[in-house]
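# Results of the structural survey
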Amino acid sequence: MKKNILLVAGLLAGAMLTACESKKAENTQTNDTLKIEQSVFGKVSDSTNATLYTLKNQAGTEVKISDFGGTIVSWTAADKNGKFEDITLGCDSLAGYQKGVPYFGALIGRFGNRIANGQFQLDGTTYTLAKNNGPNALHGGLKGFDKVLWTATPIDGDEPALKLTYTAKDGEEGYPGNLSVEVIYTLTKDNSLKIDYKATTDKATVINLTNHAYFNLKGGFNSDILDHEVTLNADKFLPVSKTLIPTGELKAVAGTPFDFTKSTKIGSRINDTSDEQIKFGGGYDHCWVLADSSKNLKLAASVLEPTSGRFLEVFTTEPAIQFYTGNFLDGTIVGKGGAVYKHRYGLCLETQHYPNSPNQASFPSTVLKPGETYQTTTVYKFSVKK
Ligand code: GLA
């Protein structure tokens, strides 16, 4: 209680300071350090607020992240004329996220993507999860890492960072083991947002962490992403069942609408429903197996929005990437600045292990044991192609 009162007092002071500090910051900042600003984002409970942290670099990029869900709330990128615009879907306030938006910008865990029938076995025990997506478990459960309050530590510097920690309890959302998670977002000088994930457990568990940012590189949130040109460094993908569970097959993309080995407009084949997989996904909602299966940081995907020239590259240490084209967006969500998020107004590039790995012995393991450290890195890098 006392701690909460102190926290509220601290946040209020922080909120009051923000206005003064931004002024002060202009005078005192060093050549390359822009202080991380904090503001109250909304109430998580009567005594606890969520905070919004603003990370800026000298190039003019600004990323706002909340400790609620570790959510990237906004993210600006320059177009070919140097105009900065927000390129990630989201809500203006915490209340929007609390209403239950489809994971806009959030950290996803303990297990990103689907687990068939909300069940898996580990060391002879059957674990049962909430079926929150048809017959399956999706994105960590009813209250996954996207809906919890993380503990945040801002780290000022010429490459400002936000460290977020969260400990998921043994049995939380049905998963075994107390899992200590640390995620560090770093905004680099070259306009990358680097996400370092780390976790340890006290009991064998399964883990698949990712971020669920929705991008629309055109800016303005008033058009779909079908003209965006995508490259995926993957010559195989995972076909799925009707409920989007991988069949177990690794299928060659060659000759299918899933071939993004060369830069291709998303819209050119997305409605090719003669392909059963396009039909099942309602467009693209599949996991691509990266050609480089090593744990090195490698280029997994790139996206060009030709009118703005904004160019996004995604690097990861993960073996796969879920490419989702916002097929479930249907215009019922009103987001930032009153923007209506219609069908396919955003795309996600979720770096990860394969979906349903806990039930597919042939897939790379997602088991984390006591004494081991889960460690992955993903980098989203923005630049411009003229
Ligand atoms: C993931 C899934 C999609 C959908 C979105 C959220 O990307 O693969 O099917 O559930 O999350 O709407």
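As a reminder, the structure under discussion sits directly above these lines.
Because the structure is predicted, anything quoted here is derived from the model rather than measured. (Residues numbered from 1 in each chain as written. Predicted model: local features only at pLDDT ≥ 70, side-chain atom pairs only at ≥ 80, totals over all residues. Heavy atoms only, no water.)

### Thoughts on the site of the ligand
As a reminder, the rule being used: Neighbouring residues are identified by heavy atoms, a residue being near a molecule or strand if any of them is within 4 Å of it. For this analysis, a polar contact is any N or O atom pair within 3.5 Å, provided that within protein one partner can donate a hydrogen and the other can accept it, and provided that sequence-adjacent residues contribute only side-chain to side-chain pairs. Method for areas: the Shrake-Rupley scheme with a 1.4 Å probe, in which residue coverage is limited to the protein chains shown.
Close to the ligand lie 13 residues, the nearest being Arg114, His139, His212, Asp285 and Glu350. In this structure, His139 approaches the ligand through a side-chain N or O atom, which is 3.0 Å from an oxygen atom. Within the contact set of the ligand, an oxygen atom lies 3.3 Å away from a side-chain nitrogen or oxygen of Gln322. Across the complex, the protein chains shield 96% of the 300 Å² of accessible surface that the ligand would expose by itself.

### Quick notes on the pairing of strand β3 (residues 62-66)
For clarity, the threshold we go by: Paired strands, in this sense, are two strands between which DSSP finds at least two bridges. Strands are runs of DSSP state E lasting at least two residues, helices are runs of H or I lasting at least four, and both sets are numbered from the N terminus onward.
In terms of strand pairing, strand β2 (residues 48-56) meets β3 through 5 bridges, oriented antiparallel. Note that in β3 the partner of Thr54 across the bridge is Lys64. Hairpin geometry of β2 and β3 is characterised by an intervening segment of 5 residues between the two adjacent antiparallel strands and by a positive phi of about 105 degrees at Gly60. Relative to strand β4 (residues 72-78), β3 is paired through 3 bridges, and the arrangement is antiparallel. Note on β4: the bridge partner recorded for Lys64 is Ser74.

### Digging into the sheet that holds strand β27 (residues 348-352)
What holds strands together in a sheet is hydrogen bonding between their backbones, with the strands either parallel or antiparallel. Strand order in the open sheet formed by 5 strands is β19-β18-β21-β24-β27, with antiparallel pairing between adjacent strands. The open sheet has two edge strands, β19 (251-252) and β27, and neither has a second partner.

### Considerations on the sheet that holds β3
Note the following rule: All axes are obtained by fitting lines to C-alpha atoms, using only the stretch in contact for helices, and the reported angles, taken between N-to-C directions, cover 0 to 180 degrees.
The 5 strands are arranged β1-β2-β3-β4-β5 in an open sheet whose pairing can be described as antiparallel. Edge strands, defined here as strands with exactly one partner in the open sheet, are β1 (37-45) and β5 (84-86). Strand-to-strand, the axes of this sheet are offset by a mean angle of 20 degrees, without reference to chain direction.

### Structural notes on the packing of aromatic side chains
Under the convention used in this document: Two aromatic rings from Phe, Tyr or Trp, using only the six-membered ring of Trp, form a pair when their centres are within 6.5 Å; if the ring planes differ by under 30 degrees the pair is stacked, by over 60 it is edge-to-face, and anything between is tilted. Each residue is placed in one exposure class: buried if its accessible area under a 1.4 Å probe, protein chains only, is under 20% of its type's maximum, exposed if it is over 50%, and partly exposed if it falls in between. The criterion is that NZ of a Lys, or CZ of an Arg, lies within 6 Å of the ring centre and within 35 degrees of the ring normal, and then a charge sits over that ring.
Using the criterion set out here, one finds 27 aromatic pairs in the structure. Taking 5.5 Å as the distance between ring centres and 80 degrees as the angle between the ring planes, the aromatic pair formed by Trp75 and Phe382 counts as edge-to-face. Of the two residues, Trp75 sits in strand β4 while Phe382 sits in strand β29 (residues 374-384), which places them 307 residues apart along the sequence. The interplanar angle of 5 degrees and the centroid separation of 4.1 Å between the aromatic rings of Phe237 and Phe258 together place this pair among those described as stacked. Of this pair, Phe237 sits in strand β18 (residues 236-238) while Phe258 sits in the loop between β19 and β20 (264-265), and the two are 21 residues apart along the sequence. Of the two residues, Phe237 and Phe258, neither departs from the other in class, the shared state being buried. Ring-pair connections join several aromatic residues into one group, and the members of that group are Phe104, Tyr214, Phe221, Tyr324, Phe328 and Tyr341. Arg269 extends its terminal NZ or CZ atom over the ring of Phe260, reaching a point 4.9 Å from the ring centre.

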